Amino acid sequence: MRRLVILSVWVLFPWLFVCSQTPVYKDAGQPVEKRVNDLLSRMNLREKVLQLNQYTFGENDNPNNIGKEVENLPAEIGSLIYLSIDPQLRNEIQRKAMEESRLGIPILFATDVIHGLRTVYPISLAQACSFNPDLVTRACRMAAKESVLSGINWTFSPMIDVARDPRWGRISECYGEDPYLNAVFGVASVKGYQGEKLSDPYSIAACLKHYVGYGVSEGGRDYRYTDISPQALWETYLPPYEAGVKAGVATVMSSFNDISGIPATSNHYLLTEVLKDKWGHDGFVVSDWNAIEQLIYQGVAKDRKEAAYKAFQAGLEMDMRDNVYGEYLEELVSEEKIQMAQIDEAVSRILRVKFRLGLFDKPYVEELPEKERYLQKEDITLASDLAEESMVLLKNENSVLPLSSSIKRIALIGPMVKDSSNLLGAWAFRGRAEDVETIYEGMQKEFGDKVQLDYAQGCALDGEDESGFFTALETAKASDVVVVCLGEAKQWSGENASRSTIALPSIQEKLLLYLKQANKPIVLVLSNGRPLELMRLESQVEAIIEMWQPGVAGGTPLAGILSGRVNPSGKLSVTFPLSTGQIPIYYNMRQSARPFGAMGDYQDIPTEPLYPFGHGLSYTTFVYSDAKLSSSKIKKDQKLIAEVTVTNAGKVEGKETVLWFVSDPVCSISRPMKELKYFEKQSLKVGESKVYRFEIDPMRDLSYTDATGKRFVEAGEFVVWVGNQKLTFEVVD
Ligand code: NOJ
């Protein structure tokens, strides 16, 4: 009878038997935490330690060796930096992990997808100039899809290091000089990569980097010491990270820098007390490349073993590439310097991310042919939209732009006109020059045969060869207007790409000044990865467009701005100093102790920057009404509404971003002169008016933090700034 019951249950509900045999961690129906704990309870120490390691794969791309490399990888490895984009090869490696390791733990495949993978879109510094976080979310979503289709589940992005020294090459990778902008765009990017859920088919894990303060590297030199007061840490450098953690980022990368004496890599306060205990981050921290071993050079570890110990104790879970965890953690456990419970805690964080990504349930990726993976029509349109909104019209004297329809000949001069590779910017190593639309191609499409385009390169990006100057001048003379395209090579920004001056190489400046002899209006187009020193050029040209490094689709938007088909709407996410000597210079500085007259100013150059943060012109005129506040007095727990109506009083449709700043003129600690707290971008037709509203929440927008991160709102007078208006109100207890 009993047998009969069992048999009929088996026939009717076979899954009951399968389930009872499936380990909990393999059962997709079980909650993540249960699966993590179950798997952890089955792992031995070696298997755990391997989860804490990341190897690189793909340096050797000789097809004859690929199989061998796969063979040499431990099947139990936690993560790989995958330097290929071949999904088939990736699946082959994953199959090894799933089938040849004892427990079948999938590998987490990572790489640097920084501003797009194959469909490269503008560098982050430019993206922030769009003041359009939704576009950035969509671009990151697209990059996530290209990543998954290349076998990648985790990107080392976004970079949200507030950077105020444009000599530092990595300024191109962040969202500018302001903490709020880095927070907003960091969150926008996390949302794009991670989607609604990490387990969605085209979601990847994001990684906030570099935690924290890397942008403060002394003198803008990369990898240098950073001296950051606790006040500055909490006020300027940590807020973007806090926002990203609250938005649910899966991982964080610790930075290379040595923060006021304690390297980020071994900083228990930052990696554990702040990130995990205070903010509740439940993903994991990965080191930067070679950063654990670097603790030796930073003078806080005597050897690799001590470096491993210090990093691990601080709360760093994954060792990128150094293999110091692989070599020493077991020994440190047997010596009882590290407890098994700590190892378990670290491993569980990594497993949690893998489970959330759905890697255990769907370890393999689709294997589509290349042409179905990348550069889809809608992706290029998106890259072009983002490039368009990122470009900033810096100067437009006598409304020389848009170019008049009476123009018959345009001279296109300069090293960037036909350049395809440098428009990609730094960290675009999957981008290909042949995918890039050059300025010249964009102009041809835009102007067709209506206008004659004459090209002369004039000079290279750098060097001393002036032999092309004469032809360039003749070309300029024959034209109605001269568009001079200057800029930077992509390797002049990004990692390990610091420059002592932010001026363009003198050959490029010379070319532009030489072209003045043609006596024609000059439009200067710039493509670069940092703010530039334009002191010697600005007064010589009628108009300047900052096109940044736009990626694959910059030619058409730029040409659209020149023709007037596109009304520029970008605003600067970073100050353009007048000269390198003004650095550091950023809008939210503190007031001088002697703010009268020219006290403390430079004797030899002006103290004001050439273009301030937020600067950006349009082809239309936006008129701001008198701004209003819903009250002149609020309590600390009340909200206040600030409103302004903007009217498009010009002749073309346009997009206007309203920036709302606040300041607290008298406080227990000195406060920045202005702080951006909110912005909104809206499109306005000719004659249309729209209301822009900022809801001020005192704790969020008016508070300051002390040196431990505690927030306070003080009663007293506050100021809201919008356009050129200044409104005051009072906060009472
Ligand atoms: C070093 C860089 O600092 C970091 O940003 C990058 O993600 C890693 N290398 C991996 O390539």
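This text follows the structure it describes.
Predicted model, so just to flag it, every value in this text is computed and none were measured.

Draft legend 1. Spatial organisation of the site of the ligand. Looking at the ligand, the residues that line it are Asp112, Phe156, Arg170, Lys209, His210, Met253, Phe256, Asp288, Trp289, Met320, Trp427 and Glu495. The separation between an oxygen atom of the ligand and a polar side-chain atom of Asp288 is 2.5 Å. Alone, the ligand offers 300 Å² of accessible surface; in the complex the protein occludes 95% of this. Taken together, the residues of the shell around the ligand break down into six nonpolar, one polar and five charged.

Draft legend 2. Geometry of the pattern of salt bridges. In this structure the tally under the stated criterion is 47 salt bridges. The shortest N-O distance in the salt bridge between Arg700 and Asp701 comes to 2.9 Å. On the basis of relative accessible area, Arg700 is assigned to the partly exposed category, the value being 48%. Exposure remark for Asp701: the relative accessible area of 2% places this residue in the buried category. Taken together, the salt bridges that share partners define one network made up of Arg118, Glu370, Arg432 and Asp435.

Draft legend 3. Region of interest: unusual backbone geometry. Cis geometry is adopted by the peptide bond preceding Pro158, which originates at Ser157 and carries an omega value of 10 degrees. Tracing the sequence through the fold places Pro158 in the loop between β4 (154-155) and α9 (179-194). Of note, the bond from Tyr211 into Val212 is cis; its omega dihedral lies within 30 degrees of zero at 5 degrees. Relative to the helices and strands, Val212 resides in the loop between β5 (207-211) and α10 (230-237). One non-glycine residue, Glu336, lies in the positive phi region at around 65 degrees. Residue position: Glu336 is located in the loop between α15 (324-334) and α16 (340-356).

Draft legend 4. Just the nonpolar core, in detail. Ranked by size, the top nonpolar core spans 159 residues in total, and within it Ile93, Trp154, Tyr211, Tyr325, Leu351, Leu401 and Ile410 carry the most contacts. Broken down by element, this core gets its largest block of residues, eight residues, from helix α8 (residues 133-149). Excluding anything up to four places from it in sequence, Ile93 contacts Phe57, Val70, Leu73, Leu80, Tyr82, Ile107 and Phe109. Among the nonpolar cores identified, the runner-up in size contains 46 residues, and Met159, Ala163, Val484 and Phe576 belong to it.

Draft legend 5. Representation of the sheet that holds strand β15 (residues 522-527) in the model. The six strands lie next to each other as β11-β16-β15-β14-β12-β13, forming an open sheet whose pairing is mixed. Only two strands of the sheet have a single partner each, and these edge strands are β11 (392-396) and β13 (452-456). Strand-to-strand, the axes of this sheet are offset by a mean angle of 20 degrees, without reference to chain direction. As paired elements, strand β14 (residues 481-487) and β15 share six bridges and run parallel to each other. Bridge assignment links Val482 to a residue of β15, and that residue is Ile522. Those strands touched by helix α21 (residues 506-515) are β12 (409-413), β14 and β15, and its axis lies near 170 degrees from that of β14.

Draft legend 6. Quick peek at the environment of Gln30. Relative to the elements of secondary structure, Gln30 occurs in the loop between α2 (14-21) and α3 (32-42). With a relative accessible area of 23%, Gln30 lands in the partly exposed category. Not counting chain neighbours up to four residues away, the residues in contact with Gln30 comprise Val24 and Arg35.

Draft legend 7. How the structure looks around the packing of helix α19 (residues 439-447) against helix α22 (residues 555-563). Where α19 contacts α22, the two axes come as close as 7 Å, and the packing angle between them is 50 degrees. Relative to α22, α19 is oriented oblique. The handedness of the crossing between α19 and α22 is right-handed. Here α19 contributes Ile439, Gly442, Met443, Lys445, Glu446 and Phe447 to the contact with α22, which in turn contributes Gly555, Thr556, Leu558, Ala559, Gly560, Leu562 and Ser563. Its residues assigned to classes, the contact of α19 with α22 shows six nonpolar, five polar and two charged.

Draft legend 8. Structural view of the side chain of Arg373. With respect to the helices and strands, the residue Arg373 is situated in helix α17 (residues 370-373). Side-chain polar atoms of Arg373 contact the backbone oxygen of Ile85, separated by 2.8 Å. Among the polar contacts listed, one links the side chain of Arg373 to the backbone oxygen of Leu368, at a separation of 2.9 Å. Arg373 has contacts with Ile85, Pro87, Glu146, Leu149 and Leu368, leaving out every residue within four places of it along the chain.

Draft legend 9. Spatial organisation of the sheet that holds strand β1 (residues 53-57). An order of β4-β3-β2-β1-β10 is seen for the five strands of this open sheet, with the pairing classed as parallel. Whereas interior strands pair on both sides, the edge strands pair on one side only; in this sheet they are β4 and β10 (319-320). Across two bridges, the pairing between strand β3 (residues 108-111) and β4 is parallel. If you follow Thr111 over to β4, its bridge partner there is Thr155.

Analysis parameters
- Residues numbered from 1 in each chain as written.
- Predicted model: local features only at pLDDT ≥ 70, side-chain atom pairs only at ≥ 80, totals over all residues.
- Heavy atoms only, no water.
- Near = heavy atom within 4 Å.
- Polar contact = N/O pair within 3.5 Å; in protein donor to acceptor, adjacent residues only side chain to side chain.
- Areas by Shrake-Rupley, 256 points an atom, 1.4 Å probe, with all protein chains shown as cover.
- Nonpolar A, V, L, I, M, F, W, Y, C, P; charged D, E, K, R; others polar.
- Salt bridge = Lys/Arg side-chain N within 4 Å of Asp/Glu carboxyl O.
- Buried < 20%, exposed > 50% of the residue type's maximum accessible area, 1.4 Å probe, protein only.
- Helix = DSSP H or I, 4+ residues; strand = E, 2+ residues; numbered from the N terminus.
- Core = buried A, V, L, I, M, F, W, Y, C linked by side-chain atoms within 4.5 Å.
- Contact = heavy atoms within 4.5 Å.
- Pairing = 2+ DSSP bridges.
- Axes fitted to C-alpha atoms, helices over the stretch in contact; angles between N-to-C directions.
- Parallel < 35°, antiparallel > 145°, perpendicular 65-115°, else oblique.
- Left-handed = near helix turned anticlockwise from the far one by under 90°.

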